[in-house]
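The residues making up each chain are set out below.
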Amino acid sequence: VKLKADADFKPTEADYQKVYDHIAELLAERDEYEDGSYGPVIVRLAWHASGTYDKETGTGGSNGATMRFDPEADHGANAGLKVARDFLEPVKEKFPWITHSDLWTLAGVAAIQEMQGPIVPWRPGRQDRDVSFCTPDGRLPDASQAHDHLRAIFYRMGFDDREIVALSGAHALGRCHTDRSGFDGPWTFSPTVVTNDYFQLLMKESWGWRKWDGPKQFEDKGTKTLMMLPTDMALVKDKKFKPWVEKYAKDNDVFFKDFSEVLMKLFELGVPFESKEEDRMKFKRKE
Ligand code: CCH
């Protein structure tokens, strides 16, 4: 049964939980996708929708869902994200009252929680905007670069060093694809479960340049099946980032707490909320 898109319809927390539950069901059902889950690519969609934020101009961020339109959908950094947007279209059809921009971030929260990650508080209030609000190319990080680039990109969004490292822990999930970014392979042995393994591997594994025709990336010397990007390796090369990598490698609880907070902040960038911080919702995981 389709709910009518009705201007007078005021969704409650229970309505948003229904959206969450439907996404969770689809994630469980559609396990034919690589590694058995669409979760990682959905997290990447929510991050790329949000990470365009510029605190100086107030432009970009998760408000708008402007990646629906060609200029932004075609940005190199967004290659492959159509898979995630298409996955979520039936959800938008079933719940037409939710905006794309609320849906994409809510789906990011659902994917994290359903992949055994922490609860990420979330609130609605994003409005979809037209093509004129597409951000210019180049706002998302370039994996071939180093610590100074990471700082420039994430400071522009309003994050500090600790938050940059915590956010990077998302690379416990998913993999690189040669037909999307050009890079290849997963960061961890369990790419559909949220863990602090990314930090543990950064600390404990020995990494060397992979010998191949593709872009410069690292491989673990042991199994040669895992990878790190130059930007990932920057986190252990930089004196100020490294203590946070060590901390999160040692203590999964601290990582989960910081990861939850920083994802909440990421998904709220650039949103002119009418709701208050106390109005944030905590969704229940699917049984
Ligand atoms: Fe990332 N990421 N990411 N990333 N990312 C890629 C894949 C994922 C960078 C580059 C890449 C974050 C930060 C960074 C995910 C979440 C986050 C890929 C491979 C590249 C390249 C894309 C492909 O080929 O499919 C760089 C550089 C940074 C700098 O910090 C942050 C922050 C997050 C989320 C909080 C996830 C998840 C994936 C896996 C996607 C998949 O399809 O499996």
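Rules and cut-offs
- Residues numbered from 1 in each chain as written.
- Predicted model: local features only at pLDDT ≥ 70, side-chain atom pairs only at ≥ 80, totals over all residues.
- Helix = DSSP H or I, 4+ residues; strand = E, 2+ residues; numbered from the N terminus.
- Rg over C-alpha atoms; globule rule 2.2 N^0.38 Å.
- Buried ≥ 20, exposed ≤ 12 C-beta atoms within 10 Å, placed from the backbone.
- Contact = placed C-beta atoms within 7 Å.
- Near = placed C-beta within 6 Å.
- Nonpolar A, V, L, I, M, F, W, Y, C, P; charged D, E, K, R; others polar.
- Domains from an automatic or database assignment.
- Axes fitted to C-alpha atoms, helices over the stretch in contact; angles between N-to-C directions.
- Parallel < 35°, antiparallel > 145°, perpendicular 65-115°, else oblique.
- Pairing = 2+ DSSP bridges.
- Core = buried A, V, L, I, M, F, W, Y, C linked by C-beta atoms within 7 Å.
- Expected span 1.5 Å × (residues − 1).
- Left-handed = near helix turned anticlockwise from the far one by under 90°.

> Explain the overall build of the chain to me, please; I cannot follow it from the model alone.
In terms of helices and strands, the chain carries eleven helices and five strands. The C-alpha atoms of the chain give a radius of gyration of 18 Å, which matches the 19 Å a tight globule of 287 residues would have. If one aligns the C-alpha atoms of the chain with their principal axes, the spans along those axes are about 60 × 40 × 35 Å. When burial is assessed residue by residue, the chain has 44% of its 287 residues classed as buried. Counted over contacts in the chain with a minimum sequence separation of 6, partners at least 24 positions apart contribute 74%.

> Sorry if this is basic, but what is going on with the site of the ligand here?
In the region of the ligand, 23 residues are neighbours, and Pro 40, Ala 170, Gly 174, Arg 180 and Ser 181 sit closest. Of all the elements in the fold, those that place two or more residues in the shell around the ligand are α2 (39–50), α7 (161–168) and β1 (175–176). At five residues, α2 tops the list of elements feeding residues into the shell around the ligand. In the shell around the ligand, the residues fall into 13 nonpolar, seven polar and three charged. In terms of domain composition, the shell around the ligand takes at least three residues from each of domain 1 (13–139 + 263–279) and domain 2 (147–259).

> Just checking my understanding: could you explain the domain arrangement of the chain for this structure?
Segmentation of the chain into domains returns domain 1 (13–139 + 263–279) and domain 2 (147–259). The straight-line distance from the C-alpha centre of domain 1 to that of domain 2 is 22 Å. On the domain 2 side, the residues contacting the 23 residues of domain 1 number 16 residues. Where the side of domain 1 that touches domain 2 is concerned, the elements lending two or more residues are α2 and α11 (252–267).

> Help me out: how do you make sense of unusual backbone geometry in this one?
Peptide bonds are mostly trans, and most non-glycine residues show a negative phi. Its identity as a non-glycine residue notwithstanding, Asp 35 has a phi of 60 degrees, on the positive side. Within the secondary structure, Asp 35 sits in the loop between α1 (13–29) and α2. Take Asp 35: there are 15 C-beta atoms within 10 Å of it, and that puts it in the partly exposed class. We note that Ala 65 has phi near 50 degrees; this positive angle belongs to a residue other than glycine.

> Where do I start with helix α8 (residues 197–204) in this structure?
Structurally, the α-helix is built with 3.6 residues per turn, so residues lying three or four positions apart point the same way. Looking at α8, one finds that the buried residues are Asp 197, Tyr 198, Phe 199, Leu 201 and Leu 202. Here the buried face of α8 lies against α9 (230–237), α10 (242–250) and α11.

> I would appreciate a short explanation of the packing of α7 against α11 in the present structure.
If you want to describe how two helices pack, look at the angle between their axes and the distance between the axes. Their axes nearest at 9 Å, the elements α7 and α11 cross at an angle of 100 degrees. In terms of their interaxial angle, α7 and α11 are classed as roughly perpendicular. Side by side, α7 and α11 meet where Glu 163, Ala 166 and Leu 167 of the first sit next to Phe 255, Asp 258, Phe 259, Val 262 and Leu 266 of the second. Here the residues of the contact of α7 with α11 are counted per class, giving six nonpolar, no polar and two charged.

> Can you help me understand the sheet that holds strand β5 (residues 227–228) in this one?
Whether parallel or antiparallel, the strands of a sheet pair through hydrogen bonds between backbone atoms. Reading across from one edge, β3-β4-β5 is the order of the three strands in this open sheet, with antiparallel pairing throughout. Edge positions in the open sheet fall to β3 (207–209) and β5, since each of these has one partner strand only. Examined bridge by bridge, β3 and strand β4 (residues 218–220) share three bridges and lie antiparallel to one another. For Trp 209, the partnering residue across the bridge sits in β4 and is Phe 218.

> In this structure, what is going on with the nonpolar core? I would like to understand it.
A general trend in soluble globular proteins is that nonpolar side chains are found buried together. One finds Ile 42, Ala 46, Leu 106, Ala 107, Ala 110 and Val 245 to be the most contacted residues of the largest nonpolar core, which totals 71 residues. Per element, the largest residue contribution to this core is eight residues, and it comes from helix α5 (residues 100–114). No fewer than three residues from each of domain 1 (13–139 + 263–279) and domain 2 (147–259) sit in this core. Each residue touching Ala 110, except ones within four places of it in the same chain, is listed here: Tyr 20, Ile 23, Ala 24 and Phe 283.

> I would appreciate a short explanation of α11 in the present structure.
With 16 residues, α11 ought to run about 22 Å at 1.5 Å a step, and its terminal C-alpha atoms sit 22 Å apart, in line with that. Along α11, the positions that sit buried rather than exposed are Phe 255, Phe 256, Asp 258, Phe 259, Val 262, Leu 263, Leu 266 and Phe 267. Buried residues along α11 sit against α2, α5, α7, α8 and α10.

> Help me out: how do you make sense of the packing of α8 against α10 in this one?
Relative to each other, α8 and α10 sit at 120 degrees, their axes nearing to 8 Å. Classified by the angle their axes make, α8 and α10 are oblique. Regarding α8 and α10, the two cross each other, and that crossing is left-handed. Between α8, through Phe 199, Gln 200, Leu 202 and Met 203, and α10, the contact on the second element is made entirely by Val 245, Glu 246, Tyr 248 and Ala 249.

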